[in-house]
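Structure at a glance
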Amino acid sequence: MYHYDELDQRLVDERVEQFRDQVTRRIAGEITEDEFKPLRLMNGLYLQLHAYMLRIGIPYGVLSSVQLRKLAHIARTYDRGYGHFTTRQCLQLNWPKLEEAPHILAELAEVQMHAIQTSGNSFRNITADQYAGVAANEIEDSRIWAEIIRQWSLLHPEFSFLPRKFKIAVTGSPRDRTAVKFHDIGIVIRKNEKGEVGFEILVGGGMGRTPMIGQTIRAFLPKKHLLSYLEALLRIYNLMGRRDNKYKARIKILVFELGIEELQKLVEDEWNQIKDGPLALPQDEIDRISNQFAPPQWKKPQAARLGAEVQRLKNPAFADWVNVNVTGHKQPGYAIVNLSLKTLDAPPGDVTAEQMDGIADLAERYSLGETRATHEQNLVFAYVQEADLYQLWRALDELGLATPNVGLISDIICCPGLDYCALASARSIPVAERISRRFRDLRRQNDIGGLKLKISGCVNACGHHHAGHIGILGVDRQGEEFYQITLGGSADENASIGKIIGPAFSSEDVVEAVETIVNTYVDIREEGEAFLDTYRRVGEEPFKERLYPELTDAAA
Amino acid sequence: MPLLKDGKLIEDPWTHIPDEVAVPASGPVIVGLKRWREERDSLCKRKDPVGVRLKSNHTAGDVADDLEHLGVVALAFPAFTDGRAYTNARRLRERYGYKGEIRAIGDALRDQYLFMQRCGFDALEVRENETEKNWQEATNAITVYYQPAADGGKTALQRRHPPAA
Ligand code: SF4
């Protein structure tokens, strides 16, 4: 992984001191809350329903065990002993105290971490594929480019006050795991006809109240021009993005209003003026960063691998876990292991400090001391030898992290909702919990197969409900919580936006509605057909008929 | 209103002339873009210098052809969250090679001074209680830059890979 050099470190240290001074001034009453608010937000400190919330950036989700132990220590010392992984591969602490926030940032800086720009109208945490560097058919490691963009986007003097927040994802595999098409800018590593590696640039994707799928603004961009092109694109957005209405300020609205061709023309003009300037990436720097993501020394597949095979035959629980949570690796003898943070005991994405410590130890023992967070709020060990799978499974099981449900219906993306969030219309965590309980039978989950269920507590769509095969959106009806269901969304390379299936359901009825949808699918699917494929084949009607018999009868 | 110019608090030698007020016969003045366009010839004939005020929805291109006549381009921050002026300042310096004063007017946080300086601002109209010390602390708070900008400050990348001597 990337290690800070002296310059990276100095910037973060200086930032901690700057923030310490700001907090001191605030506590002393030298600045008002109104003046302080933008400063704390620029350091990831929000004021939520009940307390402050600190969002810690995890660049492209990659954590060393040293960092993870530090997060555990921080959660224990300054918070209530747990943290929450978000859909931007970040970690949120829900109960930090204002006066301790500078200490937390100082502790983070000790392990090359910070919370800069995890909030505010600027670049947010740059995300990348959690299988980067180990996926079988990858073109190139997306972490390299995410790191290059991370540096360029940090405290950018021109773009720290954009019309609205700005999210960038990078993926290097044909199979997209980053929701790249739902980002303000999505970067897809591609090969052109000549076999050169570069980028396809997508723009204008997003969730929120106006979900949109990103469009290609440049089919192929040579590597060395990545930053100059981004700078040109951001410059046009900074000048032309709407600032009169917060809900129309994201770049997707600019793309929509201008049209992709017009925007493309403006960006190309700007880019032509700056592309050969100091932003052109020198090969030395690309190499310096690439080297830090170089593949490890792979070990030869061990004979003991057979042991794991035998256990698999003998032990159905282990076999289930291997089938569901373990994925193929590009290197023979290795496996990618997903750790599920979707258990019945805690809200989706939550981990306790003890679990963090435990994960850090296991990562050291089994996965080169590295853990990765995914946008689906799970964790990944990317370097596990197949021979170790059985031991690892037992250890994860003890930590409560071996639920074999990754990619299944109970692997729910869920935003914090009304339990924490000041903007929420309805609770989302309890709905996720009730759905998980309803579908707790693993055999049934496996029979249902791959199904992405996503829940947001309000139209801001932090729970990505638009991109859920089944999406659930909390709405407030005169003080009562209701839930609107969308079907057919998808966040992968064939992205689609879910369609509202009909009137919203009360909190009491929403789980039953999900049950009805799932049963409808099971009844009408063809052999081996996944939920999304069935939906795409038959459309919404069969689901509607079963969900709203009164309505469809009346219409008939 | 005091002016922070190159980090020093000075008496502002320039006078802002609101659109509805007549331009005085002498003294350096800053006028709005509309007036500049309408009265360009007479303004250029004055013996004292003239500057132009741009709103945040104007662009550097609006005055690109006039820069040789302008002693100041004042860029408005109607709210500190409106970041368009940063782009306009960079374009004035980097694309159009403007060497005169670029000043910030309007709403600014102290923590933005560094960004302003990096984007090419060299002057800033400030509140009565603002101090040189604040400017200095703010612009020295962070000393590592990843981005090339109008100040020509050395970037992390240039420090990592110094050009061969
Ligand atoms: S979707 Fe709404 S409720 Fe959920 S975290 Fe985002 S803003 Fe809060």
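Focus on the domain arrangement of chain A
Residue and element names in this part refer to chain A.
- Partitioning chain A into structural domains gives domain 1 (6-110), domain 2 (134-291), domain 3 (305-399) and domain 4 (413-555).
- Averaged C-alpha coordinates put domain 1 and domain 3 at centres separated by 29 Å.
- Taken together, the contact pairs 19 residues of domain 1 with 24 residues of domain 3.
- The three residues of domain 1 that bury the most area against domain 3 are Leu68, Arg69 and Phe85, which together make up 31% of that side's buried surface.
- If you look at where domain 1 meets domain 3, you find four salt bridges.
- Salt-bridge contacts for Arg69 lead to Glu364; the nearest nitrogen and oxygen are separated by 2.7 Å.
- The tally of links from domain 1 across to domain 3 stands at 15 residue pairs in polar contact (both at pLDDT 80 or more).
- When residues of the side of domain 1 that touches domain 3 are traced back to their parent elements, those giving at least two are β3 (62-64), α3 (65-78) and β4 (82-85).
- Counting residues per element, the side of domain 1 that touches domain 3 draws most heavily on α3, which supplies seven residues.

Points about the site of the ligand
- Around the ligand, the neighbouring residues are Cys415(A), Pro416(A), Gly417(A), Cys421(A), Leu423(A), Ala424(A), Gly457(A), Cys458(A), Asn460(A), Ala461(A) and Cys462(A).
- Partitioning the shell around the ligand into residue classes produces eight nonpolar, three polar and no charged.

A few points about the sheet that holds strand β5 (residues 91-93) of chain A
Residues and elements named next belong to chain A.
- With antiparallel pairing, five strands are arranged side by side in an open sheet as β1-β2-β5-β4-β13. Looking at strand neighbours, the two that pair on one side only are β1 (45-47) and β13 (350-352), the edges of this open sheet. The sheet shows a mean angle of 30° between the axes of neighbouring strands, taken without regard to direction.

Let's talk about the pattern of salt bridges
- Tallied over the entire structure, the rule returns 65 salt bridges over all chains.
- For the salt bridge of Asp447(A) with Arg525(A), the shortest nitrogen-to-oxygen distance reads 3.0 Å. On the criterion of sequence distance, the pair formed by Asp447(A) in helix α15 (residues 442-448) and Arg525(A) in the loop between α16 (510-524) and α17 (531-538) is long-range, its members being 78 residues apart.
- Look at Asp447(A) and you get partly exposed, because its relative accessible area is 44%.
- Across the pair Glu101(B) and Arg103(B) runs a salt bridge, and its minimum N-O distance is 2.8 Å.
- For Glu101(B), a relative accessible area of 7% corresponds to the buried category.
- Accessibility expressed as a relative area gives 0% for Arg103(B), which makes it buried.
- Each of the salt bridges in this network shares a partner with another, and the network as a whole consists of Glu158(A), Glu231(A), Arg235(A), Glu270(A), Arg90(B), Arg91(B), Glu94(B) and Arg95(B).

Quick word on unusual backbone geometry
- Phi is positive for Gln89(A), which is not a glycine, with a value near 60°.
- With respect to the helices and strands, Gln89(A) occurs in the loop between β4 and β5.
- Look at Asp6(B): it is not a glycine, yet its phi comes out positive at around 50°.
- With respect to the secondary-structure elements, Asp6(B) resides in the loop between β1 (3-5) and β2 (8-10).
- Judged by its relative accessible area of 56%, Asp6(B) is exposed.

Some remarks on the sheet that holds strand β9 (residues 197-203) of chain A
All names here are of chain A.
- One open sheet holds the five strands; their spatial order is β6-β7-β8-β9-β10, and the pairing between them is mixed. Looking at the sheet topology across the chains shown, the edges are occupied by β6 (127-128) and β10 (215-222).
- Those strands touched by helix α6 (residues 226-240) are β8 (185-191), β9 and β10, and its axis lies near 150° from that of β10.

A few points about α17(A)
Residue and element names in this part refer to chain A.
- Among the residues of α17, Phe531, Leu532, Thr534 and Tyr535 are the ones counted as buried. Axial view of α17: buried residues confined to an arc of 160°, hence all on one face.
- Tucked inside the fold, the buried residues of α17 contact β18 (470-477), β19 (480-487), β20 (499-500), α16 and α18 (541-547).
- Following α17 by one or two positions, Gly539 has its phi on the positive side, about 80°.

Cut-offs and rules
- Residues numbered from 1 in each chain as written.
- Chains lettered and ligands numbered in written order.
- Predicted model: local features only at pLDDT ≥ 70, side-chain atom pairs only at ≥ 80, totals over all residues.
- Heavy atoms only, no water.
- Domains from an automatic or database assignment.
- Contact = heavy atoms within 4.5 Å.
- Buried area = accessible area lost by both parts, 1.4 Å probe.
- Salt bridge = Lys/Arg side-chain N within 4 Å of Asp/Glu carboxyl O.
- Polar contact = N/O pair within 3.5 Å; in protein donor to acceptor, adjacent residues only side chain to side chain.
- Helix = DSSP H or I, 4+ residues; strand = E, 2+ residues; numbered from the N terminus.
- Near = heavy atom within 4 Å.
- Nonpolar A, V, L, I, M, F, W, Y, C, P; charged D, E, K, R; others polar.
- Pairing = 2+ DSSP bridges.
- Axes fitted to C-alpha atoms, helices over the stretch in contact; angles between N-to-C directions.
- Buried < 20%, exposed > 50% of the residue type's maximum accessible area, 1.4 Å probe, protein only.
- Arc of directions from axis to C-beta.

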